[in-house]
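Report on the structure
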Amino acid sequence: MIFLEFEKPIQELYEELDKLKEIQEKGKADVTKSISELEQRIEKERKELYANLTGWQKVQVSRHMERPYTLYYIEQMCSDFVEIHGDRCFGDDKAIVGGFASLEGRTVMFIGHQKGINTKMRQYRNFGMANPEGYRKALRLMKMAEKFGKPIVTFIDTPGAFPGIEAEERGQAEAIARNIKEMFMLKVPVICVIVGEGASGGAIGIGVGDRVFMLENTWYSVISPESCSSILWRSWDYKEVAADALKLTAEEMLKNKLIDGIIPEPVGGAHSQPEVMAQTLKQQLLTSLAELDAMSAEKRIETRIDKFCAMGEFHEA
Amino acid sequence: MAWFKRSTAGVTTSTEEKLDVPDGLWFKCPSCKASLLSKDLKANKFVCTQCNYHCRIGSAEYFEIIFDEGQCEELDANLTSGDPLNFTDTKPYVDRLKATQAKTGLKDAIRTAKGLVEGEMLVVTCMDFDFIGGSMGSVMGEKIARAIDKAREMKCPVMVISKSGGARMMEAAFSLMQMAKTSAKLAQAGEEQIPYISLLTDPTTGGVTASFAMLGDFNLAEPNALIGFAGPRVIKETIKKDLPKGFQSAEFVLESGFVDLIVDRKELKSKLAQILRLLKN
């Protein structure tokens, strides 16, 4: 288990617990009662800690190295996953994955950012930062889903679209812009879930849907708190302040009506009980799909457009 | 008089003050350093007569250049920013807005107008870089959406002139969603065969490029304009290498295949009229 900085009190309790368990194993003394008391205390303290996370702490949880990613969720929730590679134009981006899978017997197109599970894989996945071909692959798969009348689910988890020379040459901006526009006109239901980091254009490039959800401990904004700090405060030291100012948590995003709902995470974050997280997520997807099935394609498109067009706050004298 | 005074900025000038259009009698070209008479510069559409450098200009100048006799009707002129997030960085967003409004005489970073271009009706919405770097907040999103709706209503083409660093951080996720909002409107206009012309000028980056600016039926660009998704500094920091010469210039983007044509500002109006006529007839 990897503990975050703010989880230090919990970490200390776990260390204590390990010591007690060692004593128990060696048969030196009977500490069963102490162990169970300590376990309860850990549970209680963790619950309290996670009930009051700051914006910056949630950003840290959303980036936790053990957090489940797109492929894990697909594997846990579905059967018969067929991954489809490539944009049929330039190449296969490893930071965005996708394909058909069977969700409770129903074929769904899953598309999502994919981060690596270890150092080597993180590099292979480019840390979840997609190039234009990733966005073009995503659109190709969405169009295919539309062709066969299958609903689309996207999982968003990116620190941003990749800012590189080749990405610019191949039209990073155009790829994202086209996706946003095309997603509005998709005739099939589209559900988007921020499962980790939702950074700016890289996120919204697969983020236009009939339902947009955020997992409880994720963030979604126009810029990361670190970059915001560096630009507005001209220093890297204001990331906590920036995280608060950006109002990037699921709770604040829902309050501002910029997302449609929050999916609760297990206490301690999605990574503490990934199977539980996958089940909760699956239930939400099934519920939402049933709701969206009840609407006509025209109605869904109209509602999707109206929802995003209502976003913004201004005065008119 | 200002015969000997530097009228333009050195490196220490803040971004807001980097307005290339001179107030004085003389103007020194930021690119070739030639001294030009301001009235000559204006007559040349704010393009340097010596080196063809395109000075950064605002909505007032573009409207003057594009519309017949400079005549147009401004639309949605009274929209101003809210402060949905109660945002404060080194100073409160509301104060920043007020100060910028006072300094520039503008309400926000974009203005919309309709008028005739060689007799053809056109709705144009144009950014002002002087207003917080032409950044896109709720007002910009709404004004672009309304400009597109106006064009749909009047069944005429719509044009967006971009000059922006991207999203306005002080409106955070609200500004991000303007990418979706404007693109949704363009999707609707597209279904109704409303022509959309995007003009990318120096600079056009970030969320503006990654939404409506790249979605034109015609993507036009001014010569040598900086056009990109990520800014050059961010890319340089990421890849830890120097960037090739001319990287992210309009010419580079044209070669990469994402800009349709580069239009010299002196020919902007006639080129626009040509496109409008071709689409109509």
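Structure's up top.
All figures in this text were calculated on a predicted structure; none of them were measured in a lab.

So, about the side chain of Glu7(A). All names here are of chain A. Its place among the elements puts Glu7 in the segment before α1 (8–26). There is no salt bridge for the buried Glu7, and the closest opposite charge comes from Arg46, which lies 4.3 Å off by N-O distance. Looking at Glu7, its side chain comes within polar contact range of the main-chain nitrogen of Leu4, at 2.8 Å. At a separation of 2.7 Å, a polar atom in the side chain of Glu7 contacts the side chain of Tyr50.

The partner chain A presents 48 residues to the 56 residues of chain B that form the contact. When chain B packs against chain A, close to 4500 Å² is buried across both sides, 74% of that on carbon and sulfur atoms. Per-residue buried area on chain B facing chain A is highest for Met169(B), Met177(B) and Phe229(B); these three make up 15% of the total on that side. The interface formed by chain B and chain A includes one salt bridge. Close ionic contact of Arg146(B) with Glu316(A) constitutes a salt bridge, the shortest N to O distance being 2.9 Å. For the pair chain B and chain A, the interface holds 13 residue pairs in polar contact (both at pLDDT 80 or more). Secondary-structure elements contributing two or more residues to the side of chain B that touches chain A are β4 (79–81), α4 (138–154), α5 (172–191), α7 (232–239) and α8 (250–256) of chain B. Per-element accounting of the side of chain B that touches chain A gives the leading share, 17 residues, to α5(B).

All right, on to the sheet that holds strand β3 (residues 73–75) of chain B then. Residues and elements named next belong to chain B. On the basis of which strands lie adjacent, the open sheet formed by seven strands has the order β3-β5-β6-β7-β8-β9-β10 and mixed pairing. In the strand order of this sheet, the two ends are held by β3 and β10 (261–262), each with one partner. Across four bridges, the pairing between strand β6 (residues 120–127) and strand β7 (residues 158–164) is parallel. Within β7, the residue paired with Cys126 across the bridge is Ile161.

Reading the values: the criteria
Within every chain, residues take consecutive numbers counted from 1 along the sequence as written. Chain letters start at A and ligand numbers start at 1, both assigned in the order the entries are written. Where local features are concerned, this predicted model is filtered to residues with pLDDT of at least 70; where side-chain atom pairs are given and counted, the filter is 80 or more; whole-chain, interface and lining totals use all residues. Water and hydrogen atoms were dropped before computing side-chain values, which therefore reflect all heavy atoms in the structure. Every helix listed is a DSSP run of H or I at least four residues long, and every strand listed is a run of E at least two residues long, numbered separately from the N terminus. Burial classification: accessible surface area is computed with a 1.4 Å probe over protein chains only, and a residue below 20% of its type maximum counts as buried, one above 50% as exposed, and the rest as partly exposed. Only four residue types enter the tally: Lys and Arg on the positive side, Asp and Glu on the negative side; His and the chain ends are excluded. Salt bridges are identified by distance alone: a Lys or Arg side-chain nitrogen within 4 Å of an Asp or Glu carboxyl oxygen. Side-chain atoms alone can form a polar contact between residues adjacent in sequence; in general such a contact is a pair of N or O atoms within 3.5 Å, and within protein one must be able to donate a hydrogen while the other accepts it. In what follows, a contact means two residues having at least one pair of non-hydrogen atoms within 4.5 Å. Values labelled buried area give the accessible surface lost by two parts on being combined, using a 1.4 Å probe and summing over both. Pairing between strands is defined by DSSP: at least two bridges between them are needed.

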